[in-house]
Amino acid sequence: MLSLPLAGSCLCGRVKFEVTPPFTAFRYCHCSRCQKASGSAHAANAFVAAAQFKWREGEALIKRYDHAPAQRFAVWFCTQCGSRVPHAVRGRDDFLIPAGLLDQPPADMPRPENSIFWGSRPAWYVSPNKMPCLDEYT
Ligand SMILES: [Zn+2]
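Predicted model only: the values in this text are computed from it and were never measured.

Even after reading the chapter, I still don't get the overall build of the protein, so can you show me in this structure?
Along the protein, the regular secondary structure elements total 1 helix and 11 strands. Burial status across the protein gives 22% buried among its 138 residues.

Just to check I follow, could you spell out the sheet that holds strand β5 (residues 53–57) for this structure?
Pairing in this open sheet of 3 strands is antiparallel, and the strands run β1-β2-β5 from one edge to the other. Looking at strand neighbours, the two that pair on one side only are β1 (6–9) and β5, the edges of this open sheet. In this sheet, neighbouring strand axes are inclined to one another by 25° on average, regardless of whether the strands run parallel or antiparallel. Note: β1 against strand β2 (residues 16–19), 4 bridges, orientation antiparallel. Directly across from A7, in β2, lies its bridge partner E18.

Can you help me understand the sheet that holds strand β8 (residues 84–85) in this one?
Across a sheet, paired strands are connected by hydrogen bonds in the backbone, their directions being either parallel or antiparallel. Ordered by their spatial adjacency, 3 strands build an open sheet running β6-β7-β8, and the pairing between neighbours is antiparallel. The outermost strands of the open sheet, each flanked by one partner alone, are β6 (62–66) and β8. Here strand β7 (residues 74–78) runs beside β8; their pairing, made up of 2 bridges, is antiparallel. The partner of W76 across the bridge, within β8, is V85.

I'm lost on the nonpolar core in this one. Help?
Soluble globular proteins tend to pack their nonpolar side chains together in the buried interior. V19, A46, V48, V85 and I97 are the most contacted members of the largest nonpolar core, which has 19 residues in total. At the level of elements, β2, β4 (43–49), β7 and β10 (94–98) are the ones that each hand at least two residues to this core. Sequence-distant contacts of A46, defined by excluding residues within four places in its chain, comprise F23, F26, I97 and A99.

How do you make sense of unusual backbone geometry when you look at a structure like this?
For residues besides glycine, phi is generally negative; the peptide bonds are generally trans as well. In the segment running from P21 into P22, the intervening peptide bond is cis, with an omega of 10°. Turning to its location among the elements, P22 is positioned in the loop between β2 and β3 (25–29). Here the phi dihedral of F117 falls at roughly 55°; this positive angle occurs in a residue that is not glycine. As for its placement among the helices and strands, F117 is situated in the segment after β11 (114–116).

Hey, could you run me through the environment of R14 in this one?
Counting through the fold element by element, R14 comes out in the loop between β1 and β2. Exposure remark for R14: the 17 C-beta atoms within 10 Å place this residue in the partly exposed category. The spatial distance from the C-alpha of R14 to the C-alpha of E57 is 6.6 Å, given a sequence separation of 43 residues. Excluding residues that lie within four positions of it along the chain, R14 makes contacts with E57, G58, L61, C78 and Q80.

Rules used in this analysis
Residues numbered from 1 in each chain as written. Predicted model: local features only at pLDDT ≥ 70, side-chain atom pairs only at ≥ 80, totals over all residues. Helix = DSSP H or I, 4+ residues; strand = E, 2+ residues; numbered from the N terminus. Buried ≥ 20, exposed ≤ 12 C-beta atoms within 10 Å, placed from the backbone. Pairing = 2+ DSSP bridges. Axes fitted to C-alpha atoms, helices over the stretch in contact; angles between N-to-C directions. Core = buried A, V, L, I, M, F, W, Y, C linked by C-beta atoms within 7 Å. Contact = placed C-beta atoms within 7 Å.

What follows is the structure, given as structure tokens:
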């Protein structure tokens with residue numbers, strides 16, 4: 001069953017897309033490549049069939065980087081603001097959606113089901129539920 005499309009955009013807002021759940025997978029990925037590409041401890045990657053994904057604006061601004069040593073790993077990003085944007089997964093008929101790009105994710109949207117490459121997480125990583133979580137910048 002398809003639900004309503006979710007809108008997404010990059011940091012500067014010039015690249016816009018929409019994606020229609022359900023996701024075929026939604027997970028945090030702690031692999032070393034996702035750490036480099038995100039600059040963080042993990043990526044939050046949702047996947048959808050290509051037919052459930054649509055660019056809305058700004059596709060001409062996208063730079064596509066296919067990581068040569070990898071079978072599928074790629075980073076597509078907005079050349080205006082540097083934000084990662086969704087990318088078509090090489091050799092598959094689906095798109096990877098960095099979940100942080102979703103504009104106003106509804107409260108009932110699908111949740112990540114697992115963390116993968118957990119053993120590759122950086123030594124400094126602490127699960128958020130194991131440290132104080134504050135509502136404001138400190
Ligand atoms: Zn942008």
